[in-house]
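The primary structure of each chain is shown beneath.
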Amino acid sequence: MPDTTVEAAGPGGAPASALDPFGDDFLRDPFAFHTQLREAGPVVWLERYGVWAMARYAEVHDALRNWATYSSAAGVGLSDFRKEKPWRPPSLLLEADPPEHSRARKAVARAMSPRTIAALREDFAREADSLAAELLARGTVDGVTEIAEAYPLRVFPRAVGITQDCREQLLAYGNMAFNAFGPRNQLQADSMAQVQGVAAWIAAHCAREALAPGGLGDRIYASADEGTVTEDEAALLVRSLLTAGVDTTVIGLGCALDCLARDGAQWQLLRGDLSLAGAAFEETLRYASPVQTFFRTTTREVEVDGITIGAGEKVLLFLAAANRDPRRWTDPDRFDIRRRAVGHVGFGYGIHACVGAAFARLEGRGAAAGARAPRGIPGTSGRAAPPPQQHAQRLRLPAAHAPDTRVRPAAGAARPQARHHRWPRSGST
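A few points on the structure. (Residues numbered from 1 in each chain as written. Predicted model: local features only at pLDDT ≥ 70, side-chain atom pairs only at ≥ 80, totals over all residues. Heavy atoms only, no water.)

## Describing the overall build of the protein chain
Here comes step 1: A tally of helices and strands in the protein chain yields 15 helices and 9 strands.
Here comes step 2: For the protein chain, the share of sequence-separated contacts (at least 6 apart) that also reach a separation of at least 24 residues comes to 72%.
Here comes step 3: Accessible surface computed for the protein chain: about 16,600 Å², of which carbon and sulfur atoms make up 51%. (Helix = DSSP H or I, 4+ residues; strand = E, 2+ residues; numbered from the N terminus. Contact = heavy atoms within 4.5 Å. Areas by Shrake-Rupley, 256 points an atom, 1.4 Å probe, with all protein chains shown as cover.)

Printed below as a string of structure tokens:
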């Protein structure tokens, strides 16, 4: 890996880097570059885009917490909403600050109360058991499409109130939404071209009349009836909830499959003690960081370790790099489901933490506990990685890094094996 960091070459003597976090080399294996960014300094100038970057845990955590200084309202991608029109109406949860964000969060919190989540837990667990039984009977399983994608799409849209099949639309929309956070390159152009009409389909199915009574979407519209949010805002919140509850879980489950497939000892630990299912999912979020980066925009001049960042500057927060910062974690590059991964920023932190986190955890733990169905130790094989397929905002590993979990019932046992497949989508909008 070439050294692309130049000391004291950025504004105010800040370390500067020629790394392109949206380039092919970076996207093939972003973790290989994170150490370089962390060791360059608490804040680094990215020359290619004229933006700041933070890759250490302390600075990333502080920026996520301090929304008044590091704003989301100008967009959490490279685009600056103060200077250019967003490609779709901004998310009231992801791309807004208080007081607008506070109203939106209140409406969603009401819809996703602890009592509501508890009521859905049994249904989600039942569906996980049902899916596991189906996959065992089938014999050979694609771990990405038939587990990581299939399970969330089986349970969450229905919980929101969408009763018809929406797999292709939601997966395509998630891909488009996250590629839109990056620069206008071929990845963005390709994803936009592939989803003609999907945005309109999503909008139509987030309308009140399209949602089944009693679902999470219907509960959000109840807040519109009470005046907490407007009717139009309720539709945007349903959109955010739908994409957050699916995308975040899809990529999280895909990462969990990959991690367990690569480490037979960890798989055996989980098989032997299913109470570790929750910890396994949390460690996956820390170790693999399905959502890799998000931008913030400074609202005032701020000093970080003697470096002055001016007002109105874009700052790229490397959540994945923070989650493997040795200043915060012991042996951070080791996947360990017994680790107490409390404090990771895989779902963000503060008021803009992922709104779908509670459901992602519910689905992730339920699916991980489904490990009681197949028995055995996953293995893995490798070949040269193809071109990358994603932006750095979320992890979508190329085929050489993604498992195709196979379940082969034989003599009362089934053995999942990792093979090559594309990686799923992730995140929330």
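## Section: the packing of helix α6 (residues 144–160) against helix α10 (residues 216–225)
Here comes step 1: Interhelical geometry of α6 versus α10 gives an angle of 30° and a closest axis separation of 5 Å. If you check the angle between α6 and α10, you find them roughly parallel. Residue-level inspection shows F156, A159 and V160 of α6 in contact with α10, the latter providing L216, G217 and D218.
Here comes step 2: Considering only residue class, the contact of α6 with α10 consists of 4 nonpolar, 1 polar and 1 charged. (Axes fitted to C-alpha atoms, helices over the stretch in contact; angles between N-to-C directions. Parallel < 35°, antiparallel > 145°, perpendicular 65-115°, else oblique. Nonpolar A, V, L, I, M, F, W, Y, C, P; charged D, E, K, R; others polar.)

## A word on the packing of aromatic side chains
Here comes step 1: Taken as a whole and judged by the stated rule, the model has 8 aromatic pairs.
Here comes step 2: Each ring, one from W45 and one from W52, has its centre 4.9 Å from the other, and the planes form 70°; the classification is edge-to-face. Neither W45 nor W52 differs from the other in exposure class; each is buried.
Here comes step 3: Site record: aromatic cluster; members linked through ring pairs are F22, Y49 and F295.
Here comes step 4: Note that R286 overlies the ring of W329, its terminal NZ or CZ placed 5.6 Å from the centroid.
Here comes step 5: We note R324 situated over the ring of F31; from NZ or CZ to the ring centre the distance is 4.0 Å. (Phe/Tyr/Trp six-rings, centres within 6.5 Å; stacked < 30°, edge-to-face > 60°. Buried < 20%, exposed > 50% of the residue type's maximum accessible area, 1.4 Å probe, protein only. Lys NZ or Arg CZ within 6 Å of the ring centre and 35° of its normal.)

## Observations concerning the side chain of R38
Here comes step 1: Among the secondary structure elements, R38 is positioned in helix α2 (residues 31–40).
Here comes step 2: Despite its burial, R38 remains without a salt bridge, the nearest opposite charge being carried by D325 at 4.4 Å.
Here comes step 3: Only 3.1 Å separates the side chain of R38 from the side chain of T35, close enough to count as a polar contact. (Lys, Arg positive; Asp, Glu negative; His and termini not counted. Salt bridge = Lys/Arg side-chain N within 4 Å of Asp/Glu carboxyl O. Polar contact = N/O pair within 3.5 Å; in protein donor to acceptor, adjacent residues only side chain to side chain.)

## Here we look at the pattern of salt bridges
For side chains of opposite charge, pairing can occur when their charged atoms come near one another.
Here comes step 1: Taken as a whole and judged by the stated rule, the model has 28 salt bridges.
Here comes step 2: E149 is the salt-bridge partner of R167, the closest N and O atoms lying 2.8 Å from each other. Taken together, the positions of R167 in helix α7 (residues 167–179) and E149 in helix α6 put the pair 18 residues apart, joining distant regions of the chain.
Here comes step 3: Relative accessible area serves as the criterion here: at 0%, E149 is assigned to the buried category.
Here comes step 4: For the salt bridge of D336 with R338, the shortest nitrogen-to-oxygen distance reads 3.5 Å.
Here comes step 5: A residue is classified by how much of its surface remains accessible, and D336, at 8% relative accessible area, is buried.
Here comes step 6: The class of R338 is exposed, set by a relative accessible area of 55%.
Here comes step 7: In the salt-bridge network here, residues are joined through shared partners; they are E122, D123, R126, E127, E134, R154 and R158.

## A word on the environment of F347
Here comes step 1: The topology assignment puts F347 in the loop between α14 (319–322) and α15 (357–369).
Here comes step 2: Setting aside residues up to four positions removed in sequence, F347 forms contacts with T248, L285, A353, C354, A357, A360 and R361.

## Section: the pairing of strand β6 (residues 293–298)
Here comes step 1: The element β6 is largely enclosed, with a buried count of 6 among its 6 residues.
Here comes step 2: Residues of β6 alternate between two faces, with T293, F295 and T297 on one and F294, R296 and T298 on the opposite face, all of them buried.
Here comes step 3: Sheet topology note: the strand β5 (residues 70–71)/β6 ladder contains 2 bridges and is antiparallel. Pairing of Y70 across the sheet is with T298, part of β6.
Here comes step 4: Pairing of β6 with strand β9 (residues 314–318), which is carried by 5 bridges, proceeds in the antiparallel orientation. The partner of F295 across the bridge, within β9, is L316. (Pairing = 2+ DSSP bridges.)

## Comments concerning the side chain of T297
Here comes step 1: Following the sequence through the fold, T297 ends up in strand β6.
Here comes step 2: Overall, the relative accessible area of 3% leaves T297 in the buried class.
Here comes step 3: Residues within four places of T297 in sequence aside, it is in contact with T69, Y70, S71, A74, G75, R82, G312, E313 and K314.

## Brief notes about helix α12 (residues 264–272)
Here comes step 1: Within the sequence span of α12, burial applies to G264, Q266, W267, L270 and R271. One side of α12 carries all its buried residues, which in axial view fall inside an arc of 160°. (Arc of directions from axis to C-beta.)

## A few points about the pairing of strand β4 (residues 51–54)
Here comes step 1: Where burial is concerned, the two faces of β4 agree: the one with V51 and A53 and the one with W52 and M54 are both buried.
Here comes step 2: Here strand β3 (residues 44–46) runs beside β4; their pairing, made up of 3 bridges, is antiparallel. Counterpart to W45 in the pairing with β4 is W52.
Here comes step 3: Following β3, the chain reverses through 4 residues before pairing antiparallel with β4; G50 in that reversal takes a positive phi of roughly 65°.
Here comes step 4: As paired strands, β4 and β9 are joined by 3 bridges and run parallel to one another. Among the inter-strand pairings, W52 is bridged to a residue of β9, identified as V315.

## What about the packing of α7 against helix α9 (residues 198–205)?
Here comes step 1: Axis separation between α7 and α9 bottoms out at 10 Å; the angle between their running directions is 115°. With respect to the hand of their crossing, α7 and α9 are arranged in left-handed fashion. Here Q169, L170, A172, Y173 and M176 of α7 lie close against α9, whose contacting residues are V198, A199, W201 and I202.
Here comes step 2: For the contact of α7 with α9, a count of residues per class yields 8 nonpolar, 1 polar and no charged. (Left-handed = near helix turned anticlockwise from the far one by under 90°.)

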